Amino acid sequence: MKSTDLIDRIAGATGGTKADAKIALETVIASIIQAAEAGDEVSLPGFGKFTVRHTAARMGRNPATGAEMQIPASRKLAFAPAKAVKDALAGADTKKA
């Protein structure tokens, strides 16, 4: 699914325009990014949580040359789905089989 598909669904469900739906979607995404920048968790009940995870600096290898290199510490945005989402996905797997 692409963002245009989400925009169409939002506009259809709310009876609003696609322009308004696009603004709503962009606002949600920007808000999640701003919260992550601040180190805050974003919890969407029934959907899941977005959290910032910290990874420590570590040694790695350049796959092209095999040379060792330092991989710097970083922050990553992680998503943990809610139980309802996990259950829906588990049910989808059994329906395909």
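Remember, it's a predicted structure, so these values are computed and weren't measured experimentally.

Rules and cut-offs
Residues numbered from 1 in each chain as written. Predicted model: local features only at pLDDT ≥ 70, side-chain atom pairs only at ≥ 80, totals over all residues. Heavy atoms only, no water. Phe/Tyr/Trp six-rings, centres within 6.5 Å; stacked < 30°, edge-to-face > 60°. Helix = DSSP H or I, 4+ residues; strand = E, 2+ residues; numbered from the N terminus. Buried < 20%, exposed > 50% of the residue type's maximum accessible area, 1.4 Å probe, protein only. Pairing = 2+ DSSP bridges. Axes fitted to C-alpha atoms, helices over the stretch in contact; angles between N-to-C directions. Contact = heavy atoms within 4.5 Å.

Our next topic: the packing of aromatic side chains. Think of a pair of aromatic rings as described by two things: how far the centres are apart, and how the planes are tilted against each other in angle. In total, this model carries 2 aromatic pairs according to the counting rule given. Here the aromatic rings of F47 and F79 are separated by 5.0 Å at their centres, their planes lie at 45 degrees, and the arrangement is tilted. Pair noted here: F47 is in the loop between β1 (42-44) and β2 (48-55) and F79 is in strand β5 (residues 74-81), with a separation of 32 residues, a long-range link. A relative accessible area of 42% means that F47 is categorised as partly exposed. A residue is classified by how much of its surface remains accessible, and F79, at 35% relative accessible area, is partly exposed. When the centroid spacing of 4.9 Å and the interplanar angle of 45 degrees are considered together, the rings of F50 and F79 count as tilted. Linking F50 in strand β2 with F79 in strand β5, this pair joins segments that are 29 residues apart in sequence. An aromatic cluster of three or more residues is present, and its members are F47, F50 and F79.

Once that is clear, we can look at the sheet that holds β1. For sheets, the rule is that strands pair by backbone hydrogen bonds, running either parallel or antiparallel. Strand order across the open sheet formed by 3 strands is β1-β2-β5, with antiparallel pairing between neighbours. Looking at which strands have only one partner, the edges of the open sheet turn out to be β1 and β5. Going across the sheet, the axis of each strand differs from the next one's by a mean of 25 degrees, ignoring polarity. As judged from the 3 bridges shared by β1 and β2, these two strands associate in the antiparallel manner. In the sheet register, S43 faces β2, and the bridge partner there is K49. Against the sheet, helix α2 (residues 18-37) contacts β1, β2 and β5, and its axis sits at roughly 125 degrees relative to β5.

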